[in-house]
2 protein chains.
Amino acid sequence: MTTLAHIDGLVAPRSVAVIGASDDVTRIGGRPIAAMLRAGYAGRILPVNPRREMVQGLPCYASVDDLPEAPDAALIAVPAKLVPETLAALGRKGCKVATLFSAGFAEVGAEGEAAQHALIDMARENGIRLLGPNTLGVYNVDIGYYGTFSSSLDTGLPKPGNIGIASQSGAFGAHLGALARDRGLGSSILITTGNEADITVADAIHWMAECETIDVICTYMEAINQAPALLAALDEARAAGKPVLALKSGRSAVGARAAASHTASLTGDAIVADAVLADHGAIILRDPETMMDIAYAASKRVFPAQHSLGIVTVSGGAGIVASDEAERIGLPIPTMPEAAQAALKAVLPYASPVNPLDCTAQALNDPSLLEQFTRAGLEDGGYGAILCFLTYVAGSRSMSDVILQALAPLREAFPDRIIAICALGEGEVLRRYDDAGLLVFNDPCRAVRALDAVLRLGAARGQAAAPLPEVTPVGLPTGTPDEAASKALLAHAGIAAAPECGVQDVEAAIEAAEGFGYPVVMKILSPDILHKSDIGAVKLNIRDAKGVRAVYAAILAAAAEHAPHAVVNGVLVAKQLSGGVECLMGINRDPTFGPVAVFGLGGIFVEVLNDVAVRACPFGPETAREMILSIRGAAILQGVRGQPPADIDALAQMLSRLSVFAAGAGERLVSIDLNPVLAMPVGQGACALDAIIELEPAEAMTDAD
Amino acid sequence: MTTLAHIDGLVAPRSVAVIGASDDVTRIGGRPIAAMLRAGYAGRILPVNPRREMVQGLPCYASVDDLPEAPDAALIAVPAKLVPETLAALGRKGCKVATLFSAGFAEVGAEGEAAQHALIDMARENGIRLLGPNTLGVYNVDIGYYGTFSSSLDTGLPKPGNIGIASQSGAFGAHLGALARDRGLGSSILITTGNEADITVADAIHWMAECETIDVICTYMEAINQAPALLAALDEARAAGKPVLALKSGRSAVGARAAASHTASLTGDAIVADAVLADHGAIILRDPETMMDIAYAASKRVFPAQHSLGIVTVSGGAGIVASDEAERIGLPIPTMPEAAQAALKAVLPYASPVNPLDCTAQALNDPSLLEQFTRAGLEDGGYGAILCFLTYVAGSRSMSDVILQALAPLREAFPDRIIAICALGEGEVLRRYDDAGLLVFNDPCRAVRALDAVLRLGAARGQAAAPLPEVTPVGLPTGTPDEAASKALLAHAGIAAAPECGVQDVEAAIEAAEGFGYPVVMKILSPDILHKSDIGAVKLNIRDAKGVRAVYAAILAAAAEHAPHAVVNGVLVAKQLSGGVECLMGINRDPTFGPVAVFGLGGIFVEVLNDVAVRACPFGPETAREMILSIRGAAILQGVRGQPPADIDALAQMLSRLSVFAAGAGERLVSIDLNPVLAMPVGQGACALDAIIELEPAEAMTDAD
């Protein structure tokens, strides 16, 4: 990871050299200087251009070597072919970090990628950390620093404030910045990382997590280039109490991916990334507007401990619409205590003070009603947030006095709670509420979604992080294990299979079957046949010795016919269990995040609905339990249609152990499929009926090491 | 249904009497007059107040009887107790329609409801149609008519335009009006219907469907008080080519409803209402903001025939975010033809012109790129709409000239297609695009959702409505039929059951079983035992005559034990089918919409996921097929895991016939449960394995008729 000192130089330089400085304020080498002059940059601007003595009124230097000092940062706005010598000169001069605006590198194909690699080598040799190439740069409103050529500045400078933006895409990052500005939100820092040849969004997030003036971090990512650093940065931000709002694009590809029966296909990159980032505290979003809504709500730095909403409304209809949205997204709207309802009814007999608390249009005539209903919601309802639907009423200047008089004191009396209003009107009037510490939204449903996010953050703060289980290295066989060997490996890790026994002759098979009791299941035992049922080498419902005999012969014949070259280690005889719920557990090695565990219900839930929970390994049983209960079909495990509830504790234990096993197994582990896992009724445990462990050959890994 | 002439008087009166007129412009009797004076109402305002000679500068009349003419409309702003005599006087005077602002009627309980009924009777006696009570009234911007006391007018009058709003809730309707105004959208008509004692949103929608100046209708409903009139109004609007955007609140109650095994529980009121309204062409929404986004897009009256989107972007990132959203909601983003891609590549080698068409930031230097990429999307891509992501670039005044020069001619060259831009900036600059016929959105994802809605409307216009099947009255037995009788009734309607036979003794049972071939199913045959398996009176997998004997005795014993008073008509022996997909079909009588058909997959899909399609009866097989394919689990019917696809045609035929049967059965039909229905592989049909028909007793209906 880049040391933060380098990012300090990048984001808050005391001096900046602009290599390729231009008088033309529409050019890449001219825009940053113009913006800094306009904003009154507190540091020194050092233009470099051999053909000018002055640039935009500033003394210009002929070369980097001629600079009077080592600049904290450099902006490189010269043609690509001049970049190498520029980097060398900056290195000689002692500059430690440079922003490379130029495009035409990795983003245009293999040749550009090679050029980018060469560039990075050169930067390293010269002791320079690099932002870009193909970046729109950085700004830092607080010191008037604009190391960017974004044309978003043409329509106004950003407003200073505690929202930071870290984006791989320059244009999209600048869009977020402009969106914040247009909404009147303060966002002091924008860092766009472009091709991320060196410095990444992870570095930017890490820096913002430690930056005193930033409280909320918005990030946009297309690819994750430094997963461990990114997760560490998210952890850092979480530890600092700073929400990270993440928009990770590129979901469509996942949808297009063809379905297949292997675990790998269940965990599209985007799903895994979402799960892992969320696990490290990030809020995953899909659109910039919702991101700004939540950033706005979070920027007030009030994170109530209660994940609950009270709705105070002058319109019954709006209360219902907001409630519907809250229910849809899982934000509780608990009813008011009976006594509190009675008290409000005494004040306003026609009110419906259940929650939503409808104080009716009467509140327009008697604004003390608004105060009383809101106070009751905070005091008696104990809600984390109150949303007051005041619509155009709040937009009237005269009413705004009255409303502020009612609500502002409550804001102060309940500093750990949120009071939001849904209001329409001119910006100037609405800003008065915002200045008083109230949150202001136009749309009731957007308000509900933003409040939900902030309330979830608050509720999560109260919870201790689940401890990570200890991982010890797992010894793996050199070759791919057959089913019995796979199950033995897993048994060692505490993961149970159905009672079973590998046998090499039919008499032993009968003996095993009679030991378990009928019915039994029989399967071919071969490391070379992964999908046994496809070739008819799995038989169920074998009810007597005669059946065992017939099936034994049939399975070997099927194997001989369909997989003549497979090594056959015999036949597996297993007790046939029934009465449980079929689940699926698996591990898949994600190229970015390493081993990822997947849980789903068997059959259609996974294959048709893609109803799975995923999580990076390892994790403890509590996390596993959360995963299990998070799938849409979880009710099936909790018992439906008179079926007994399944042993979710045992499932969770098993899933956690599987994650620990996978984390300990190292990079040779490609995947594990436990399909099905039978979850028996509560108290009776869970066991895998089949197990496939796929490994890289031991030799291949030796080569790679 | 109210005749439209009455609504003409209500919405576009040439004269209006204000009963209880006030000089105080903050009072209910003062606000309407003040607003009309401010807006320059084209008609005559006739204040009535016995204690004033002048009101707000207008001559005031002591009583209704003193009025110099029969007013087209009357606004009643007097205390509730004076309402009866006011209505009588208005009737004498010849006024045909009155708006009753007063609250305190049906919305406050039984007493108020009785008062409301009395009121309506009186209005009818006096030949007056009534809006309200408890309504905020009506406005009509085009003629400056403000028959409303909404304080939304305090912050400005609405902008005239072709969006109409019909809302049961006054405050919520006015919120929509203010939202439109704050966004600069023209919305000339607001009708709020309050308690709907007489005039309903159905009347309002119907009137707007025929109103020449309204092109888009937004409606907010909490309850549906006149279902047939509402559906007729929606049909009217559809025939007139006017989209109806509907927000029906009150979903939360559905979520809270306890699940049960009966069909009725699967069709919450909100789900049924959504399905029925959508079936009549309404676009169902959940939040006011999306409603206004779509109203804005639709207000341009361009409804392309192609449901496809081209995205032209200066930021790869934004293109991906917009694509992700389009994929999420099912808006196709087809790729460009190869040749067109090559042509664009020739213009800009680093472009990615697949779709999204990324013309890169280079388009800022060379705006002809924007023109070329957009034109290619329209011409070669043939997309119904193009969304250009231009963000803050479009907000700069100088760039807006250039962008308009590029896009406005395309708008004219492709009048049947939509060009939208995603732009940030000041309203004044953005309005220039809007004036040129481009759609302007801040957020790319909101743009995608609004465009999708309008494109779907356009695509639907090209499709002929599915013809409704003919319904003939169905003869029903007087009592509740047992399973065999139910199946016989359905068989008459063309709905097949599994081969089966009701028997009265065990020898006949064996004969029947051997006729069908083993295995067979046996069940008790009794009209009094609806849930047979609950008492052990259904047995599967009977494999021989011995089994039939044992089961026959066991079933009769179970019935005798658990339902000693039930009439037992014998035992049903049926061929046990297998190899199909278990589905569920049913009919439930909705209190608002009459018989509603439900389709889902058997078991957990319905019970855990509530994955069902619902539709009002009757409908044809094409509609039934759409329903079947609309459920999330539809892939199971299309064949997964190597299973053959199910006979969806036969299922659709069966579902349609069931709907026709239900429509013909009349009001005595309470419900039908066909559960399971077995859908066999393609070409092998579908049949009901169980059937329960619940009827109201014949006598009860006679009383009610």
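In this text, all values refer to a predicted model and were calculated from it rather than measured experimentally.

**Overview of the overall build of chain A**
Okay, so step 1: Broken down by element type, chain A carries 25 helices and 30 strands.
Okay, so step 2: Each of the three principal axes of chain A carries a C-alpha extent, and together these read 95 × 80 × 35 Å.
Okay, so step 3: Counting only residues that meet the buried cut, chain A has 57% of its 705 residues in that class.
Okay, so step 4: Across chain A, contacts joining residues at least 24 apart in sequence account for 71% of those joining residues at least 6 apart.

**Focus: the sheet that holds strand E14 (residues 283-285) of chain A**
Residue and element names in this part refer to chain A.
Okay, so step 1: Reading across from one edge, E9-E8-E11-E10-E12-E13-E14 is the order of the seven strands in this open sheet, with mixed pairing throughout. On the outer flanks of this sheet lie strand E9 (145-148) and E14, each paired with one strand and no other. Averaged over all pairs of adjacent strands, the angle between strand axes in this sheet comes to 15°, irrespective of strand direction.
Okay, so step 2: Across three bridges, the pairing between strand E13 (residues 244-248) and E14 is parallel. From the neighbouring strand, leucine 247 faces E14, where its bridge partner is leucine 285.

**Structural notes on the pattern of salt bridges**
Okay, so step 1: Applying the stated criterion across every chain, the model contains 62 salt bridges over all chains.
Okay, so step 2: The salt bridge involving aspartate 154 of chain A is made with arginine 31 of chain A; its shortest N-O contact spans 2.9 Å. With aspartate 154 of chain A in the loop between E9 and strand E10 (163-167) and arginine 31 of chain A in helix H2 (residues 31-39), this residue pair connects regions lying 123 residues apart in the sequence.
Okay, so step 3: Given a relative accessible area of 43%, aspartate 154 of chain A falls into the partly exposed group.
Okay, so step 4: Taken together, the shared-partner salt bridges connect Arg183, Glu289, Asp293 and Arg446 of chain A together with Arg183, Glu289, Asp293 and Arg446 of chain B into one network.

**A word on the packing of helix H10 (residues 288-299) of chain A against helix H17 (residues 444-461) of chain A**
Residues and elements named next belong to chain A.
Okay, so step 1: Running from N to C, H10 and H17 cross one another at 60°; their axes reach a closest spacing of 9 Å. Judged by the angle between their axes, H10 and H17 are oblique. For the pair H10 and H17, the sense of crossing is right-handed. Residues Glu289, Asp293, Ile294, Ala297 and Ala298 of H10 pack against Arg446, Ala450, Ala453 and Val454 of H17.
Okay, so step 2: Class assignment for the residues of the contact of H10 with H17 results in six nonpolar, no polar and three charged.

**Observations concerning the state of the cysteines**
Okay, so step 1: Counted under the stated rule, the structure contains zero disulfides over all chains.
Okay, so step 2: Here cysteine 388 of chain A is not disulfide-linked; the sulfur of cysteine 359 of chain A is the nearest cysteine sulfur, at 7.8 Å.

**Here's the deal with the relation of the copies chain A and chain B**
Okay, so step 1: If you rotate chain A by 180° and push it 0.0 Å along the axis, it lands on chain B with an RMSD of 0.1 Å. The operation mapping one copy onto its partner corresponds to a two-fold rotation axis. Taking C-alpha positions as the reference, the residue of chain A nearest the rotation axis is phenylalanine 605 of chain A, at 4.6 Å.
Okay, so step 2: Most of the interface of chain A is mirrored in chain B: 100% of its interface residues are interface residues there too.

**Focus on unusual backbone geometry**
All names here are of chain A.
Okay, so step 1: With an omega of 0°, the peptide bond between asparagine 355 and proline 356 qualifies as cis.
Okay, so step 2: Positive phi is not limited to glycine here, since glutamate 196 has a value of about 55°.
Okay, so step 3: For glutamate 196, the location among the structural elements is in the loop between strand E11 (189-192) and helix H6 (201-210).
Okay, so step 4: The exposure class assigned to glutamate 196 is buried, which follows from its relative accessible area of 6%.
Okay, so step 5: The phi dihedral of threonine 391 falls on the positive side, at around 40°, and the residue is not glycine.

**Considerations on the sheet that holds strand E6 (residues 97-100) of chain A**
All names here are of chain A.
Okay, so step 1: Strand order across the open sheet formed by five strands is E2-E1-E5-E6-E7, with parallel pairing between neighbours. Of all strands in the sheet, those with a lone pairing partner are strand E2 (44-48) and strand E7 (129-131), marking the two edges. Strand-to-strand twist of the sheet, defined as the mean angle between neighbouring strand axes without regard to direction, takes the value 20°.
Okay, so step 2: Where strand E1 (residues 15-19) meets strand E5 (residues 73-76), four bridges bridge the pair, whose relative direction is parallel. Pairing of valine 18 across the sheet is with leucine 75, part of E5.
Okay, so step 3: Contacting E5, E6 and E7, helix H1 (residues 4-11) runs over the sheet at an angle of about 55° to E6.

**Thoughts on the side chain of serine 486 of chain B**
Okay, so step 1: Among the secondary structure elements, serine 486 of chain B is positioned in helix H18 (residues 483-492).
Okay, so step 2: With sequence-adjacent residues up to four places away left out, serine 486 of chain B is seen in contact with Pro481, Ala691, Ile692 and Ile693 of chain B.

**Re the interface of chain A and chain B**
Okay, so step 1: Across the contact, 66 residues belong to chain A and 66 residues belong to chain B.
Okay, so step 2: Contact between chain A and chain B buries roughly 4,900 Å² in total, counting both sides, with carbon and sulfur atoms accounting for 63%.
Okay, so step 3: Per-residue buried area on chain A facing chain B is highest for His175, Asp324 and Tyr392 of chain A; these three make up 13% of the total on that side.
Okay, so step 4: A salt bridge links glutamate 289 of chain B to arginine 446 of chain A; the nearest nitrogen and oxygen atoms lie 2.6 Å apart.
Okay, so step 5: At the boundary of chain A with chain B, the tally comes to twelve residue pairs in polar contact (both at pLDDT 80 or more).

The rules behind these values
- Residue indices begin from 1 for each chain and proceed along its sequence in written order.
- Here the convention is simple: chains get letters from A, ligands get numbers from 1, in the order in which they are written.
- Only residues with pLDDT of at least 70 are given local features in this predicted model, and only at 80 or more are side-chain atom pairs given and counted; all residues enter the totals for whole chains, interfaces and linings.
- Hydrogens and water are ignored here; the side-chain numbers use all heavy atoms of the structure.
- Each helix corresponds to a stretch of at least 4 residues labelled H or I by DSSP, and each strand to a stretch of at least 2 residues labelled E; elements are numbered beginning at the N terminus.
- The classification of residues rests on relative accessible area computed with a 1.4 Å probe and restricted to protein chains. Under 20% of the type maximum is buried, over 50% is exposed, and intermediate values are partly exposed.
- Here a residue-residue contact requires only that any non-hydrogen atoms of the pair lie within 4.5 Å.
- DSSP-based pairing: two strands are paired if at least 2 bridges between them are found.
- Axis definition: a line fit to C-alpha positions, over the contact stretch in the case of helices; interaxial angles, taken between N-to-C directions, run 0 to 180 degrees.
- Criterion for a salt bridge: a side-chain nitrogen of Lys or Arg within 4 Å of a carboxyl oxygen of Asp or Glu.
- With respect to orientation, any angle under 35 degrees is reported as roughly parallel, any angle over 145 as roughly antiparallel, any angle of 65 to 115 as roughly perpendicular, and every other angle as oblique.
- For any helix crossing, the convention is left-handed if the near helix is rotated counterclockwise from the far helix by under a right angle, and right-handed if that rotation is clockwise.
- Classification used: nonpolar for Ala, Val, Leu, Ile, Met, Phe, Trp, Tyr, Cys and Pro, charged for Asp, Glu, Lys and Arg, polar for all others including Gly.
- Our working definition of a disulfide is a cysteine sulfur pair at a distance within 2.5 Å.
- A least-squares fit on C-alpha atoms brings the copies together, and the residues used are those whose pLDDT is at least 70 in both copies.
- Buried area is understood as the total, over both parts, of accessible area removed when two parts are fitted together, assessed with a 1.4 Å probe.
- Nitrogen and oxygen atoms within 3.5 Å of one another constitute a polar contact, given that in protein one can donate a hydrogen and the other can accept it, and given that sequence-neighbouring residues count only through two side-chain atoms.

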